[in-house]
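Close look at the chain arrangement
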Amino acid sequence: MTHLLHIDSSARSEGSASRRLSAEYTKAWKARNPHGTVTYRDLSIDTPDFVSPEWITGVFGPAEAANADTQAALDASELLIREIEAADVLVLGVPMYNFGVPAIFKAWIDQVVMGGRTFAFGENGPEGLIKGKKAIILRASGSDFDNPDFAPMDFHAPYIRGVLGWIGITDVEFIAVNGFTPEQIDAAIRDAGNTIAASAASATLAA
Ligand SMILES: Cc1cc2nc3c(=O)[nH]c(=O)nc-3n(C[C@H](O)[C@H](O)[C@H](O)COP(=O)(O)O)c2cc1C
């Protein structure tokens, strides 16, 4: 059975464009895939821990320093990694904050990028260990980063594409809206409707 992991990371629950987009995407996917299942995680409510000394010791050792606290830190990561592994499709609502990703999304990334678990250094160099997923990033920003005046400051899309690729998720699609007023955002979300419908349909087939 196909499974979708839906994650939101806007700090606001009301009036969030990225949440509207990710909800619309998940709904479109569900319509195309009625037997598909969905796991939802709101990072603003279930905020992952920051990387801690216990996490670092748990991941990097030394083994003799392992204790209940290092194990608890690893268990918290493992839960999030297994959510990714269980999914065929990842639908990630990620606003742009200060030209990058929200801190709570970065905290999630820091929990799921783990040497020996989601990536490894093999004979042929670094290798992502999470295979066969499609990720769709529903992104909201104030400015239009297709505009060459702003494009050099877009650290959001390259970062997400790079770090997901690092763990093996190389099929990454961005659906972006931008605007400063509710009217601009409403129009941008309306304009994104066809792209969302087409993408959700093909994500169903790929899964
Ligand atoms: C803390 C913060 C930082 C932001 N930084 C940027 C930015 O660097 N570039 C930009 O174009 N918009 C920026 N914005 C605007 C948001 O990207 C925009 O309001 C977007 O719609 C937020 O996503 P949401 O609607 O899902 O909450 C920022 C907003 C906040 C709250």
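Let us look at the structure shown here. Given the structure is predicted, the values throughout are model-derived calculations rather than measurements. (Residues numbered from 1 in each chain as written. Predicted model: local features only at pLDDT ≥ 70, side-chain atom pairs only at ≥ 80, totals over all residues. Heavy atoms only, no water.)

1. Points about the overall build of the protein chain
Our working definition: Helix numbers and strand numbers start at the N terminus; a helix is a DSSP run of H or I with at least 4 residues, a strand a run of E with at least 2. Every radius of gyration here is taken over C-alpha atoms, with the globule rule written as 2.2 Å times N^0.38, N being the number of residues. Exposure is judged per residue with a 1.4 Å probe applied to protein chains only, and the accessible area is read against the type maximum: over 50% gives exposed, under 20% gives buried, and values in between give partly exposed. Computed with the Shrake-Rupley method and a 1.4 Å probe, the accessible areas treat only the protein chains shown as cover for residues.
Of regular secondary structure, the protein chain possesses six helices and seven strands. Of the regular secondary structure in the protein chain, the N- to C-terminal order runs β-α-β-α-α-β-α-β-β-β-α-β-α. Over its C-alpha atoms the protein chain spans a radius of gyration of 18 Å, differing by no more than 12% from the 17 Å that the globule rule assigns to 207 residues. In terms of principal-axis extent, the alpha carbons of the protein chain reach across some 60 × 40 × 35 Å. Residue burial in the protein chain is summarised as follows: out of 207 residues, 47% are buried. Only carbon and sulfur atoms are counted for the fraction: they give 56% of the accessible area of the protein chain, which is about 10,400 Å².

2. Looking at the sheet that holds strand β6 (residues 134–141)
Here is the rule we go by: Between any two strands, at least two bridges found by DSSP are needed for them to pair. Axis angles are defined between N-to-C directions and span 0 to 180 degrees, where every axis is a line fitted to C-alpha atoms and, for a helix, only to the segment in contact. Whether two residues are in contact is decided by their heavy atoms: any pair within 4.5 Å suffices.
Spatial ordering of the open sheet is given by β2-β1-β3-β6-β7, a layout of five strands whose pairing is parallel. Only two strands of the sheet have a single partner each, and these edge strands are β2 (37–42) and β7 (171–178). Strand-to-strand twist across the sheet, computed as the mean angle between neighbouring axes with direction ignored, equals 15°. Summarising the sheet, β6 and β7 pair through eight bridges and their orientation is parallel. Within β7, the position partnered with I137 by the bridge is F174. Against the sheet, helix α1 (residues 17–32) contacts β1 (3–8), β2, β3 (89–95), β6 and β7, and its axis sits at roughly 170° relative to β1.

3. Some details on the site of the ligand
Let me state the cut-off plainly: Here a residue is considered near a molecule or strand provided that any single heavy atom belonging to it is located within 4 Å of it. A 3.5 Å cut-off defines polar contacts: any pair of N or O atoms within that distance qualifies, except that in protein one atom must be a possible hydrogen donor and the other a possible acceptor, and neighbouring residues in sequence count only when both atoms are side-chain atoms. Throughout, the ten residues Ala, Val, Leu, Ile, Met, Phe, Trp, Tyr, Cys and Pro are labelled nonpolar, Asp, Glu, Lys and Arg are labelled charged, and all others, Gly among them, are labelled polar.
As a matter of local geometry, the ligand sits amid 15 residues, with S10, S16, S18, M96 and N98 nearest to it. Side-chain polar atom of S10 to an oxygen atom of the ligand: 2.7 Å apart, as the coordinates give it. Within the backbone of N98, a nitrogen or oxygen atom sits 2.7 Å from a nitrogen atom of the ligand. For the ligand, whose accessible area on its own is 630 Å², the fraction buried by protein is 74%. Along the lines of polarity and charge, the residues of the shell around the ligand split into seven nonpolar, seven polar and one charged.

4. A word on the environment of V101
Position of V101 relative to the elements: it lies in the loop between β3 and α4 (103–112). Between the C-alpha atoms of V101 and I160, which are 59 residues apart in sequence, the distance is 8.2 Å. Among residues more than four places away in sequence, those in contact with V101 are V94, P95, K106, H156, Y159 and I160.

5. What to know about the pattern of salt bridges
When the charged atoms of two side chains with opposite charge come close together, those side chains can pair. Quick reminder of the rule: One speaks of a salt bridge when a side-chain nitrogen belonging to Lys or Arg is within 4 Å of a carboxyl oxygen belonging to Asp or Glu.
Applying the stated criterion across every chain yields a total of twelve salt bridges. Between D110 and K106 there is a salt bridge whose closest N-O contact spans 3.0 Å. Of this pair, D110 and K106 are both found in helix α4, four residues apart, which corresponds to roughly one turn of the helix. In this structure D110 comes out as partly exposed when scored by relative accessible area, which is 25%. Note that K134 and D171 form a salt bridge whose closest N and O atoms lie 3.5 Å from each other. Residue K134 is located in strand β6, and its partner D171 is located in strand β7; the two are separated by 37 residues in the primary sequence. Residues joined by salt bridges that share partners form a network here, namely E78, R82, E85 and R117.

6. Here we look at the packing of aromatic side chains
Rule in force here: Any two rings among Phe, Tyr and Trp, with Trp reduced to its six-membered ring, count as a pair given centres within 6.5 Å; such a pair is stacked if its planes are under 30 degrees apart, edge-to-face if over 60, and tilted if neither.
Inspection of the entire model under this criterion finds six aromatic pairs. A ring pair is formed by F119 and W166, whose centres lie 5.2 Å apart and whose planes are at 55°; its orientation type is tilted. One end of the pair, F119, is in strand β4 (residues 119–122); the other, W166, is in helix α5 (residues 156–166), with 47 residues separating them in the sequence. Accessibility expressed as a relative area gives 12% for F119, which makes it buried.

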